[in-house]
Amino acid sequence: MLVLIGILIIIAGFLLRFNPLLVIMASALATGLAAGLDIAAIIAAFGKAFNDTRYVSIVWIVLPVIGLLEAYGLQQHARTLVGRMKGATLGRLLTSYLLLRQAMAAVGLTSVAGHPQTVRPLVAPMAEAAAEAKNDALTDDQREEVKAFSAATDNVGLFFGEDIFLAIGSILLMKGLLEGYGYVIEPLHFSLWAIPTAIAAFLIHGLRLRRLEKRMMKPEASA
Amino acid sequence: MITLGFVYVLAGLTFALFAALGVADRSNPKRFGNAAFWGLLALSMLGGDWLGDLGNGLLVLALVAIAGTGQIGRAPSDEVPAEIQAERAERHGPFLLLVALIIPAVALAGTFLFKWVPGLADPKQATLISLALGVLIALAVGMARLEPPLLLPAQQGRRLLDAVGWAAILPQMLASLGAVFALAGVGEVVGDLIGAAIPHGSLFGAVLAYGLGMAFFTMVMGNAFAAFPVMLAAIGMPLLIMQYEGDPAVVAAIGMLAGFCGTLMTPMAANFNLVPAALLELKNPYGVIKAQIGTALPLLAVNIVFIWLFAF
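Conventions and cut-offs
- Residues numbered from 1 in each chain as written.
- Chains lettered and ligands numbered in written order.
- Predicted model: local features only at pLDDT ≥ 70, side-chain atom pairs only at ≥ 80, totals over all residues.
- Helix = DSSP H or I, 4+ residues; strand = E, 2+ residues; numbered from the N terminus.
- Rg over C-alpha atoms; globule rule 2.2 N^0.38 Å.
- Buried ≥ 20, exposed ≤ 12 C-beta atoms within 10 Å, placed from the backbone.
- Contact = placed C-beta atoms within 7 Å.
- Nonpolar A, V, L, I, M, F, W, Y, C, P; charged D, E, K, R; others polar.
- Expected span 1.5 Å × (residues − 1).
- Arc of directions from axis to C-beta.
- Axes fitted to C-alpha atoms, helices over the stretch in contact; angles between N-to-C directions.
- Parallel < 35°, antiparallel > 145°, perpendicular 65-115°, else oblique.
- Left-handed = near helix turned anticlockwise from the far one by under 90°.
- Core = buried A, V, L, I, M, F, W, Y, C linked by C-beta atoms within 7 Å.
- Domains from an automatic or database assignment.

### Focus: the overall build of chain A
- Looking only at helices and strands, chain A has eleven helices and zero strands in total.
- The C-alpha radius of gyration computed for chain A amounts to 22 Å, which surpasses the reference 17 Å derived for 223 residues by more than 25%, pointing to a less compact arrangement than a globule.
- The C-alpha extent of chain A, read off along each of the three principal axes, is 65 × 45 × 40 Å.
- Classification of the 223 residues of chain A by burial places 55% in the buried group.
- Partitioning the contacts of chain A with sequence separation of at least 6, the portion at a separation of at least 24 is 76%.

Here it is, written out as structure tokens:
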């Protein structure tokens, strides 16, 4: 029971808005101590895991390219392009991106798009331009919501597309665990059962994008 | 053969360059903190395999100390003025778009190439290696045509990374915390608690507890992978699969997706929820989560109903 103290520290730390890096370290130390490990062993275990998961942080190598392109006006160009496309409304634009992201993830191409690679330089400015085209008095809060939905659309597309791919980590995890209980299941079965949810995710999020578009068409209510 | 080691060297050199440029930036009142932070991260990328476990742990403690005492800041924005960007966009627009698409295109092509032609690169890491190659090609093409000052990409890249700040390593930190939780047996304890709390004798009650448990525990751990083994052991296997004879493929596959709904709603999944908010410079760090809750909750309900309909 005592090892649950780490979870409490995490929840309290995030709610009280302490620096999350401090909260994580405190949680790791408290959990390790509660499990009877000594401090040096906890720090070493954390260090080993940190070193093993460095691949998580290598995505930042795209920033010099994005920085170069943005300095030469990539975001402006993305906006201009949307302005030229007559049918490019906010809802249609983000729904197309949702479908594209789901389809790419479903064939295993998860790292092809993402927040630094595509959302910041292309999707968010395009979405903003599409919203501006219908409402020339877009408020800062509305702009913020359009950008937040651009990022949200990337996440929904990725999460509910990737499990259709056979060789994704989560499918291998499910297969391995069930085999441990004596159930041998082909990866294809997991993939197929991810399809109904993928369709539901597209419908639900697509509907919300349509409503977002309607909300962005008129000036924000004063409430 | 190209391995992930090549990508780590590239990342290490990039962070080292950010650190060197950062320490020279007198307009940033916290330049030494920033330089130390990115410098330590460069050391981790370049030399992590030689530091030993305790050495890496001490490196992490130093990173946390720098960020936790507020030593990271950013210079007043030296973004290229909007008029100049707009004027440049007139001239270079289509070319910029082309270069931006080089990165995903190379990542795509490389992923297939490295799987079909063995020996070129580690096939298990094909996409990450291709992504790094895409960055190098895009940078070379962009530099050749635009002829910017040599250090401009690094300076602008540093500006973007300083805007993200310490949140840049939050995903890696949370992944490491997961390893400590596993070592301490947190999952088993939570599994026992949930297993004891669910109502007996009701199939739908068990399905509901399984789906909600997956989402909730994923929110706590930030990761459905960490929640899945626990919930499978606590409810999925003993009740849904063995007692009620549900289809194990459905219980596992859709249960995992119920967990993904939790991922959409938690700050613990920092790389999906908090980092993009920083990268898009949103005022509300939880803005992305706010936008996702309206999709995650109905989809969670749909997943629970799907398990109930399809597994039994």
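### A short note on the overall build of chain B
- When helices and strands are tallied, chain B shows twelve helices and zero strands.
- Ordered by position from the N terminus, the helices and strands of chain B form the series α-α-α-α-α-α-α-α-α-α-α-α.
- Along the first, second and third principal axes, the C-alpha set of chain B runs to 70 × 45 × 45 Å.
- For chain B, the proportion of its 312 residues judged to be buried stands at 53%.
- Pairs at least 24 residues apart make up 71% of the contacts formed inside chain B by residues separated by at least 6 positions.

### Quick look at the interface of chain A and chain B
- The interface of chain A with chain B comprises 97 residues on the first partner and 113 residues on the second.
- When the residues that make up the side of chain A that touches chain B are grouped by side-chain class, the tally is 65 nonpolar, 23 polar and nine charged.

### A few points about helix α7 (residues 186-197) of chain B
- Spanning twelve residues, α7 of chain B covers 17 Å between terminal C-alpha atoms, matching the ideal 16 Å at 1.5 Å per step.
- Considered for burial, the residues of α7 of chain B that qualify are Val186, Gly187, Val190 and Gly191 of chain B. Angularly, the buried residues of α7 of chain B cover 125° about the axis, an arc narrow enough to put them on a single face.
- Buried residues along α7 of chain B sit in contact with α1 (5-15) and α2 (20-34) of chain A together with α6 (170-184), α8 (203-221) and α9 (224-243) of chain B.

### What about the packing of helix α1 (residues 4-23) of chain B against helix α4 (residues 126-146) of chain B?
All names here are of chain B.
- In the contact formed by α1 and α4, the axes pass within 9 Å of each other and the chain directions differ by 40°. One element, α1, and the other, α4, form an angle in the oblique class. Judged by the sense of rotation from one axis to the other, the crossing of α1 with α4 is left-handed. Two secondary-structure elements touch here, α1 through Leu4, Phe6, Val7 and Leu10 and α4 through Leu128, Ile129 and Ala132.

### A word on the nonpolar core
- In terms of nonpolar packing, the biggest core is built from 185 residues, with Ala127 of chain A together with Met231 and Ala253 of chain B touching the most fellow members.
- When residues of this core are assigned to domains, at least three map to each of domain 1 (4-165) and domain 2 (185-310) of chain B.
- Not counting chain neighbours up to four residues away, the residues in contact with Met231 of chain B comprise Tyr210, Gly213, Met214, Phe217, Gly236 and Gly255 of chain B.

### Points about unusual backbone geometry
Residues and elements named next belong to chain B.
- In this structure, Glu147 takes a positive phi of about 50° despite not being glycine.
- Relative to the assigned elements, Glu147 resides in the loop between α4 and α5 (152-164).
- What makes Glu147 exposed here is the crowd of 9 C-beta atoms within 10 Å.
- Backbone geometry places Glu281, a non-glycine residue, at a positive phi of 55°.
- With respect to the helices and strands, Glu281 occurs in the loop between α11 (270-279) and α12 (287-311).

### Structural notes on the environment of Phe272 of chain B
- Within the secondary structure layout, Phe272 of chain B lies in helix α11.
- The class for Phe272 of chain B is buried, based on 23 C-beta atoms found within 10 Å.
- With 50 residues separating them in the primary sequence, Phe272 of chain B and Gly222 of chain B have C-alpha atoms 10.0 Å apart.
- Those residues in contact with Phe272 of chain B that lie beyond four places of it in its chain are Asn155 of chain A together with Thr263 of chain B.

### Digging into the environment of Gly70 of chain B
All names here are of chain B.
- Position of Gly70 among the secondary structure elements: in the loop between α2 (31-68) and α3 (82-116).
- For Gly70, a count of 11 C-beta atoms within 10 Å gives the class exposed.
- On a C-alpha basis, the gap between Gly70 and Gly33 in space is 8.5 Å, while along the polypeptide they are 37 residues apart.

### Description of the packing of helix α7 (residues 115-134) of chain A against α11 of chain B
- For the pair α7 of chain A and α11 of chain B, interaxial distance at closest approach is 11 Å and the crossing angle is 45°. The angle between α7 of chain A and α11 of chain B falls in the class oblique. The handedness of the crossing between α7 of chain A and α11 of chain B is right-handed. Listed contacts from α11 of chain B to His115, Pro116, Val119 and Arg120 of chain A of α7 of chain A are Val275, Pro276 and Leu279 of chain B.
- In terms of residue class, the contact of α7 of chain A with α11 of chain B is built from five nonpolar, one polar and one charged.

### Regarding the domain arrangement of chain B
- Along its sequence, chain B is organised into domain 1 (4-165) and domain 2 (185-310).
- The gap between the C-alpha centroids of domain 1 of chain B and domain 2 of chain B is 34 Å.

### A look at α11 of chain B
- In terms of residue burial, α11 of chain B counts as a mostly covered element, since ten of its ten residues are buried.
- Restricting attention to buried positions, one finds in α11 of chain B the residues Ala270, Asn271, Phe272, Asn273, Leu274, Val275, Pro276, Ala277, Ala278 and Leu279 of chain B.
- For α11 of chain B, the secondary structure elements touched by its buried residues are α7 and α8 (140-162) of chain A together with α5, α6, α10 (248-263) and α12 of chain B.
- Phi turns positive, to about 55°, at Glu281 of chain B, one or two residues after α11 of chain B.

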